[in-house]
Each structure stands twice: as structure tokens, then as C-alpha cells.
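As a plain string of letters, each chain reads:
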Amino acid sequence: MFIGHFGVGLGAKKAAPRVSLGTLFLAAQFLDLLWPTFLLIGIERVAINPPGTSHVPLDFTYYPWSHSLVMVLLWSLVVGGIYYAVRRNARGAIVLGALVLSHWVLDLFVHHADLPLAPGGATFAGWALWDYPALELPIELAIFLIGLIVYQRTTTPRDRTGKLALLVLTVFLVAVHLANVLGPPPPSVEAIAWVGQSQWLIVALGYWVDRHRVPRVNSVEAPLPNKSTVH
Ligand SMILES: [Zn+2]
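Residues numbered from 1 in each chain as written. Predicted model: local features only at pLDDT ≥ 70, side-chain atom pairs only at ≥ 80, totals over all residues.

Trainee: Describe the overall build of the protein, and please don't skip the residues or the numbers.
Mentor: Helices and strands together make up the secondary structure of the protein, namely 10 helices and 6 strands. Compactness check: the protein gives a C-alpha radius of gyration of 18 Å against a globular reference of 17 Å for 231 residues, within 12% of the reference. Counting only C-alpha atoms, the protein reaches 55 × 35 × 30 Å along its principal axes. Looking at the protein as a whole, 36% of its 231 residues are labelled buried. Looking at the protein alone, contacts between residues at least 24 apart form 69% of all its contacts between residues at least 6 apart. (Helix = DSSP H or I, 4+ residues; strand = E, 2+ residues; numbered from the N terminus. Rg over C-alpha atoms; globule rule 2.2 N^0.38 Å. Buried ≥ 20, exposed ≤ 12 C-beta atoms within 10 Å, placed from the backbone. Contact = placed C-beta atoms within 7 Å.)

Written out as C-alpha cells, the structure reads:
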């Protein structure tokens, strides 16, 4: 699951219009943003499946710190909590916490039974939709498309860049997704980790797009001027 997570981030703009798309992406993809760093420092592990053995090139052998349910609930509190401490926006904090958790729920549908419930535990979950690419791919693309439409309708371009930036982001995400699906398996675990780190660029793209678009007035939560004074 790649582009589906970003679809959920885009769609969440309707629930929390004052939160930047970059922050929504950060939360929706938080577990997969931690994962490459955890691989590089050696506290999590992944194996590359030999070609022809699986639809999925990767075997997620050990990732309890980024992807166990117990840790995910903790990360969800951390992300929501930090946002609340900085912005004092309860709705935004709840939406961001829910986004962190949404990542695990989407992963639960597609991963093989390799998602731990708790670090050190022996129970793993995963419903393996990845084994049915004819089903998984359209569902994931649909999640992305719905999220994109919701974001596009919740916001309006502030300037010409606002229109262009959303198009650039869309083309970039679709291209990366197709490369993931159609491309050759990664050459090494280190390569996986560094490609994973490049997802921070997508977070940055999210901030860029959002800076050039404003929430529409009739959004669930009316856009407020920057409340920089903390009482
Ligand atoms: Zn994941």
C-alpha cells in the first residue's frame, strides 16, 4: 500500500481544513516514514523475495517498532499530542492521530499476516489482499482518486501555482506508484531504506501544494486567520 495512504491524507483535509496537506501526509504515512530509518539503524528488518516467488517483492520479517498495533496507537498519540501542543487545534490533533492509525488499518487489508499486534508478541495480522492484485490495485487507486477529489473540492487555488502544484503532486505520486508496481525488485535493503526516505519529499510537496491553496469558506470548519497568539 503506497498511494492509498496519500489518498487518505488528501481526503482528511475535509475533516481538518486548517491542517496543511504536508502534515496530513506526515501522519497518514508516519509508520512508513519511521520504517526506513529503523531499517538503517538496524532495529527492524526486511527481506527481498527472490523473483517469481511472490507478487510482493518484500518480506516484512521484523518491524514491531513502526508497525505493531500497540506501537501504532502510541505513535498516533505522539503525533496528535505534538500537534495539539504546538497548534492548540483539537480537531486537527484528533484527525492526525486517526490518520496514523489509518495507515495500520489499510496495511492490515493488504499485508500478509506479518503485522505484529505488540512488540515481542507472537500474534500477527494481515489479510493479504496483495495476493489479488486485480482487486488490490483498483481499490488503492480508487482511495487515492476519492481523496484527491475531496481535497480539490475542499480547497481552492490561491494563485496559479495552486492549480499546477496539485497536478505536479498527482503526477509524481502516480508515477512512483507505477514504478513500485511495475519496476524490478529493489537491489538491496539499503536501497529500499533510501528510497523510503525519499518519501519525505512527498511530505514537502504536500506543504508546497497547501501553501498555494486555501480552504473553501463552506468547509466543515471555517478557515480562521492564523491564530498565533497562545492564551
Ligand atoms: Zn506501512
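Trainee: Tell me about the nonpolar core, and please be specific about residues and values.
Mentor: One finds Ala 27, Leu 96, Leu 99 and Val 100 to be the most contacted residues of the largest nonpolar core, which totals 47 residues. Only helix 1 (3-11), helix 2 (21-28), helix 3 (30-40), helix 5 (69-87), helix 6 (90-110), helix 7 (133-154), helix 8 (160-182) and helix 10 (199-211) provide two or more residues apiece to this core. Ranked by the residues each element gives to this core, the list is headed by helix 6, at 7 residues. In this structure Val 100 touches Ala 27, Phe 30, Val 72, Trp 75, Ser 76 and Val 79, once residues within four positions along its chain are discounted. (Core = buried A, V, L, I, M, F, W, Y, C linked by C-beta atoms within 7 Å.)

Trainee: An account of the packing of helix 5 against helix 6 is requested, with residue identities and associated values reported.
Mentor: At a minimum axis distance of 8 Å, the contact between helix 5 and helix 6 shows a crossing angle of 155°. Considering their axes alone, helix 5 and helix 6 lie roughly antiparallel with respect to each other. Here the hand of the crossing between helix 5 and helix 6 comes out right-handed. Residue-level inspection shows Leu 69, Val 72, Leu 73, Trp 75, Ser 76, Leu 77, Val 79, Gly 80, Tyr 83, Tyr 84 and Arg 87 of helix 5 in contact with helix 6, the latter providing Ala 90, Gly 92, Ala 93, Ile 94, Leu 96, Gly 97, Val 100, Leu 101 and Trp 104. Its residues assigned to classes, the contact of helix 5 with helix 6 comprises 15 nonpolar, 4 polar and 1 charged. (Axes fitted to C-alpha atoms, helices over the stretch in contact; angles between N-to-C directions. Parallel < 35°, antiparallel > 145°, perpendicular 65-115°, else oblique. Left-handed = near helix turned anticlockwise from the far one by under 90°. Nonpolar A, V, L, I, M, F, W, Y, C, P; charged D, E, K, R; others polar.)

Trainee: Explain helix 10 to me, using residue names and the numbers behind them.
Mentor: Over its 13 residues, helix 10 extends 19 Å from the first C-alpha to the last, a length consistent with the 18 Å expected when each residue adds 1.5 Å. At its buried positions, helix 10 is contacted by helix 1, helix 2, helix 3, helix 8, helix 9 (189-197) and strand 6 (213-215). (Expected span 1.5 Å × (residues − 1).)

Trainee: Please give an account of the environment of Tyr 62 that cites residues and values.
Mentor: Mapped onto the elements of the fold, Tyr 62 is located in strand 2 (residues 58-62). Looking at Tyr 62, the number of C-beta atoms within 10 Å reads 16, which means it is partly exposed. Distance from Tyr 62 to Ala 47, taken between C-alpha atoms, is 9.3 Å for residues 15 residues apart in sequence. For Tyr 62, the contacting residues outside a window of four places in its chain are Glu 44 and Arg 45.

Trainee: So, unusual backbone geometry: which residues are in play, and what are the values?
Mentor: Notably, Arg 88 is not glycine yet its phi reads approximately 55°, a positive angle. Of note, Arg 88 is situated in the loop between helix 5 and helix 6. Of the residues examined, Arg 88 has 12 C-beta atoms within 10 Å and is grouped as exposed.

Trainee: Describe helix 7, and please don't skip the residues or the numbers.
Mentor: Its 22 residues place the ends of helix 7 31 Å apart at the C-alpha level, agreeing with the 32 Å of an ideal helix rising 1.5 Å per residue. Those residues of helix 7 lying buried are Glu 140, Ile 143, Phe 144, Gly 147, Leu 148, Tyr 151 and Thr 154. Around the axis of helix 7, the buried residues are gathered within 140° of arc, so they sit on the same side. In this structure, helix 7 carries Ala 134, Leu 135, Pro 138, Ala 142 and Arg 153 as exposed residues pointing more than 90 degrees from its buried face. (Arc of directions from axis to C-beta.)

Trainee: I'd like to hear about the packing of helix 3 against helix 9, residue by residue, with values.
Mentor: What describes two packed helices is the angle between their axes and the distance between those same axes. Close contact between helix 3 and helix 9 brings their axes to 8 Å; oriented N to C, the two are set at 145°. In the packing of helix 3 onto helix 9, the handedness of the crossing is left-handed. For the pair helix 3 and helix 9, contact is made by Asp 32, Trp 35, Pro 36, Leu 39 and Leu 40 and by Val 189, Ile 192, Ala 193, Gly 196 and Gln 197, respectively. A per-class count over the contact of helix 3 with helix 9 returns 7 nonpolar, 2 polar and 1 charged.

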